Amino acid sequence: MAMGKVEPFGSNDEHYLGFAFVVTCAVQLSCFAIAFACKFDLITDFAGSSNFVLLGLLTLGLGGSFTSRQIAVTALLTISRVELAVFLLYRVCTRKSDTRFDDTRDSFVKFLVFWVFQIFWVYLVSFPVIWVNSVTDIDPDLGWLDCFGWVVWAIGFGSQLSSDFQKLLFRKNPSNRLKICKRGLWSYSRHPNYFGEICMWWGIFISTIPVWLEHGEGTGWSTIVSPLFTMLILLFLSGMPTAEGKALERWYTNGDDLRKEYELYRNQTAPIIPFCPSIYVALPDCIKWVFCFEYHRYEYPGTESQAITRHV
């Protein structure tokens, strides 16, 4: 039931984008101050994930209309970020520290750069939910786009949840040290968790399309920044480039048998989108590059060049 829209920054911020940015800056910079002062990096991922939930719930409450679509997309965001926050917090607490920050946690500037990046990650990726929660005068009937978006989200959430726990259980077994995880989805994708993350944000974006199409306002298209920025991060910034490339050293410096086993796994396993290994290995390199995101930058430095993807 509608309760009346509240606009903290006035009518010039009718879609809560300014409000959301200020809230995100306040949350992330406060957490940065605590983390840097205490040399404490256990809260970094938790702070990011919980910030998503805060934006979703705040904008839903401020909008006051509580339509079925608004409740649905806010719930999808909340479920996905709570799962991610709990999983990442458990993982970093188990490991006692986050090795990503070994070279940055003592540097004010370097550590701050991470938190500023996290501000833009939370803010831009939340766009579809923030925007749709701000629209109180239009509520199109639920239709096929909503259902399609929710199905895409469900595929993504299932992929991320199952792949995260498959890898977690695999690594908890000490005998699996220096062994390649080929369990479940990891036998079809080298990073099925990234596939899941991308699908979830495309799904949320798709399910909000009916609102801004009927609203007739051009700013609605800007919400596509959410899935596109997610892909940018995972394909070119802190996802694949840090998970592969130089990070593959352990597979190439612990004997020829391990190197050959990994190269066989790599050649027949798609980087992101789950694919049947027997089909993927037979695909032309140009198809892998264009449609499967198999880029040269993901290879371990020094490996021999044989594919067209090595020129990307």
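Anyway, here's the lowdown on the structure attached to this text. (Residues numbered from 1 in each chain as written. Predicted model: local features only at pLDDT ≥ 70, side-chain atom pairs only at ≥ 80, totals over all residues. Heavy atoms only, no water.)

Below, the discussion takes up the nonpolar core. Side chains that are nonpolar tend, in soluble globular proteins, to be buried together. If you look at the biggest cluster of nonpolar residues, it comprises 35 residues, and the most contacted ones within it are Phe52, Trp121 and Ile204. Residue assignment for this core shows that the elements contributing at least two residues are helix H1 (17-37), helix H2 (44-63), helix H3 (68-95), helix H4 (108-125), helix H5 (127-134), helix H6 (144-172), helix H7 (192-215) and helix H8 (225-237). Those residues in contact with Phe52 that lie beyond four places of it in its chain are Leu77, Arg81, Trp121, Val122, Val125, Ser126 and Trp201. With 13 residues, the next largest nonpolar core counts Phe195, Cys199, Leu234 and Tyr295 among its residues. (Core = buried A, V, L, I, M, F, W, Y, C linked by side-chain atoms within 4.5 Å. Buried < 20%, exposed > 50% of the residue type's maximum accessible area, 1.4 Å probe, protein only. Helix = DSSP H or I, 4+ residues; strand = E, 2+ residues; numbered from the N terminus. Contact = heavy atoms within 4.5 Å.)

Taken as a whole, this structure holds 10 salt bridges when the rule is applied. A salt bridge links Asp146 to Arg69; its shortest N-O distance comes to 2.7 Å. You can see Asp146 sitting in helix H6 and its partner Arg69 sitting in helix H3, a full 77 residues away along the chain. Judged by its relative accessible area of 0%, Asp146 falls in the buried class. Residue Arg190 is joined to Glu294 by a salt bridge in which the shortest nitrogen-to-oxygen separation is 2.9 Å. Placement of the pair is Arg190 in the loop between H6 and H7 and Glu294 in the segment after helix H13 (285-292), with a sequence separation of 104 residues. Neither residue differs from the other here; Arg190 and Glu294 are each classed as buried. Ionic contacts of the salt-bridge type, sharing partners, join the residues Arg190, Glu244, Arg266 and Glu294 into one network. (Salt bridge = Lys/Arg side-chain N within 4 Å of Asp/Glu carboxyl O.)

As a further point, take the side chain of Thr24. One can find Thr24 in helix H1. You can call Thr24 buried: its relative accessible area is 0%. Those residues in contact with Thr24 that sit more than four places away from it in its chain are Asn51, Leu55, Ile119, Val122 and Tyr123.

Now for unusual backbone geometry. Phi at Tyr16 is positive, roughly 65 degrees, even though this residue is not glycine. Note on placement: Tyr16 falls in the segment before H1. Within the chain, Leu178 stands out as a residue other than glycine whose phi angle is a positive 60 degrees. Structurally, the position occupied by Leu178 is in the loop between H6 and H7. When its relative accessible area of 29% is taken as the criterion, Leu178 is described as partly exposed.

The next subject is the packing of aromatic side chains. Enumeration over the complete set of coordinates arrives at 26 aromatic pairs. Taking 6.4 Å as the distance between ring centres and 65 degrees as the angle between the ring planes, the aromatic pair formed by Tyr16 and Phe19 counts as edge-to-face. On the basis of relative accessible area, Tyr16 is assigned to the buried category, the value being 0%. Among the aromatic residues, ring-to-ring pairing joins Phe32, Phe36, Phe108, Phe111, Phe114 and Trp115 into one connected group. Of note, Arg81 hangs over the ring of Phe52, and the distance from its end group to the ring centre comes to 5.4 Å. For the cation-ring pair, Lys167 lies above Trp186, with the distance from its terminal atom to the ring centre recorded as 3.8 Å. (Phe/Tyr/Trp six-rings, centres within 6.5 Å; stacked < 30°, edge-to-face > 60°. Lys NZ or Arg CZ within 6 Å of the ring centre and 35° of its normal.)

It is worth spelling out the environment of Gly302 at this point. With respect to the element layout, Gly302 can be found in the segment after H13. Between the C-alpha atom of Gly302 and that of Leu89, which follows or precedes it by 213 residues, the distance is 35 Å.

Structurally, Ser80 can be placed in helix H3. Note on Ser80: relative accessible area 1%, which makes it buried. Polar side-chain contacts of Ser80 include one of 2.9 Å to the backbone oxygen of Leu77. Separated by 3.2 Å, the side chains of Ser80 and Arg81 make a polar contact. (Polar contact = N/O pair within 3.5 Å; in protein donor to acceptor, adjacent residues only side chain to side chain.)

This part is about the state of the cysteines. As enumerated under the stated definition, the model contains zero disulfides in all. With no disulfide partner, Cys31 has as its closest neighbouring cysteine sulfur the one in Cys38, 11 Å distant. Unpaired in this structure, Cys286 has its nearest cysteine sulfur neighbour in Cys292, at a distance of 11 Å. (Disulfide = S-S within 2.5 Å.)

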